[in-house]
Structures are given as structure tokens and as C-alpha cells.
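Residues per chain are reported as follows:
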Amino acid sequence: MSFPETPRYVLPSTTDATVVLRRLARDGWTTREGFALPEAGWDVTGNNLVLFGRVPDVDTVQLVVLAAARGAGVVAIADAAGEAGRALLGDLARLGPVRRDTETPPVEETGTVDQLAPEQRALLERLANGETIAAAAASEFMSLRTANRRIAEARKLLGVRTTREAVMAYLESRG
């Protein structure tokens, strides 16, 4: 399963950070202040976690970059012209794209129901008929975890956030 692009922002003010954090929270990201990751596992990519806060010095830059390298999203408040800001931008850019404004990233093209795999369509059909995900998974001879993964992939393809929206898109396509 692929995950949404991990957000990396370096912004000049708390106001800008608040705008971005609210949008990320609406999109299903969990936000947490501070850049230290207490989780024992290295890769936190699938957790949809965004860490945020001020970056006043190079020591904090190291925490931000480590969190981003481990897969967490980051919203850093820093002066891009200062020493810490320049170091932060340079190091984060090595990991992937870094946004420096509050603009919404471009929306990816969404797929159509015709592009769903047969097992995804079968699961959505069963959900549309009122079955639970567990019952649909059992009926399709797959584990609950696999069914949840297939439904999440279908949601992403269809460009919707919830399973209910995916079922509605499926029903609309049937006519």
C-alpha cells in the first residue's frame, strides 16, 4: 500500500503553521507538538503523524531531520534566512520536496471505479449491501487486514477519504 506524500513544511510564522496543520488534520494526519519520536520502531511512515514546532537552533534541526527521515511529516517554524533555517531547508530537501508556503499541494488525478481490482469491487459491493468489513472479508476469503488494505487502496484511487464515500462512488458508478 502506498501512503500519501509525507508533508514537509518550513514556514516563517505560527499563523502559517496553523493553517497547514488544520488542513493536514482534516486530511487525516495526527498532529503533535515537538519533534522527538518516542516510538521504538524506526519507520513511522504509515502512522500519518505530523510533528510541529519552532526550530530555534541546530540541535532542533537534527531532531526535525531525524523525525522526517523516519517517515513523520514535519511543520517547522523557522527563519529560512537564519543559520538554523538554512540548515533545515538543506537537510530536509535531501529527503524530498519541502514546501515553504501554505498553498495546497496539487491534487492528484483520481481514478474511476472501472480501475478498481475485482476484489475491491466485490468488497465495495458487499459493503453497499450492508455487510460489515469483517463479513465481506470472510465472504471473499481474505483476512480482515487484507480487506482493510484493499478498501484503503480503493479509497485512494477514487480520491475519497472514507469508506462510506468509496461505497457511494461505487454505487453512483453502477447507476
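**Overview of the nonpolar core**
Inside soluble globular proteins, nonpolar side chains tend to come together where they are buried.
Logical step 1: With 20 residues, the main nonpolar core has Val55, Leu88 and Leu92 as its most contacted residues.
Logical step 2: Looking at this core, the elements that each hand over two or more residues are β3 (49-54), α2 (58-69), β4 (73-77) and α3 (83-93).
Logical step 3: No other element matches α2, which puts 5 residues into this core.
Logical step 4: Formed by 15 residues, the second largest nonpolar core is a distinct cluster that contains Val113, Leu124, Ala147 and Leu158.

**Regarding the confidence of the model for the chain**
Logical step 1: In this model, the chain carries a mean pLDDT of 86, and residues with pLDDT of at least 70 account for 91%.
Logical step 2: No element of the chain has a lower mean pLDDT than helix α7 (residues 163-174), which averages 87, and none a higher one than helix α5 (residues 133-139), which averages 94.

**Here's the deal with the sheet that holds β4**
Logical step 1: The 4 strands lie next to each other as β1-β4-β3-β2, forming an open sheet whose pairing is parallel. In this open sheet, the two edge strands, each paired with only one partner strand, are β1 (8-11) and β2 (30-33). Taking each pair of neighbouring strands and ignoring which way they run, the sheet shows an average axis angle of 15°.
Logical step 2: The pairing of β3 with β4 spans 5 bridges and is parallel. Counterpart to leucine 51 in the pairing with β4 is valine 74.
Logical step 3: Across the sheet, α2 lies against β1, β3 and β4, angled at about 160° from β4, the strand it touches most.
Logical step 4: The sheet strands contacting α3 are β1 and β4, and the helix crosses β1 at an angle near 165°.

**Brief notes about the packing of helix α4 (residues 118-128) against α7**
For any two helices packed against each other, the geometry comes down to the angle between their axes and how far apart the axes lie.
Logical step 1: Where α4 contacts α7, the axes come no closer than 9 Å and their chain directions differ by 95°. The orientation of α4 with respect to α7, classified from their angle, is roughly perpendicular. Two secondary-structure elements touch here, α4 through Arg121, Leu124, Glu125, Leu127 and Ala128 and α7 through Thr163, Ala166, Val167, Tyr170, Leu171 and Arg174.
Logical step 2: Tallied by class, residues from the contact of α4 with α7 come to 7 nonpolar, 1 polar and 3 charged.

What counts, and where the lines are drawn
- Residues numbered from 1 in each chain as written.
- Predicted model: local features only at pLDDT ≥ 70, side-chain atom pairs only at ≥ 80, totals over all residues.
- Heavy atoms only, no water.
- Core = buried A, V, L, I, M, F, W, Y, C linked by side-chain atoms within 4.5 Å.
- Buried < 20%, exposed > 50% of the residue type's maximum accessible area, 1.4 Å probe, protein only.
- Helix = DSSP H or I, 4+ residues; strand = E, 2+ residues; numbered from the N terminus.
- pLDDT = per-residue confidence, 0-100.
- Pairing = 2+ DSSP bridges.
- Axes fitted to C-alpha atoms, helices over the stretch in contact; angles between N-to-C directions.
- Contact = heavy atoms within 4.5 Å.
- Parallel < 35°, antiparallel > 145°, perpendicular 65-115°, else oblique.
- Nonpolar A, V, L, I, M, F, W, Y, C, P; charged D, E, K, R; others polar.

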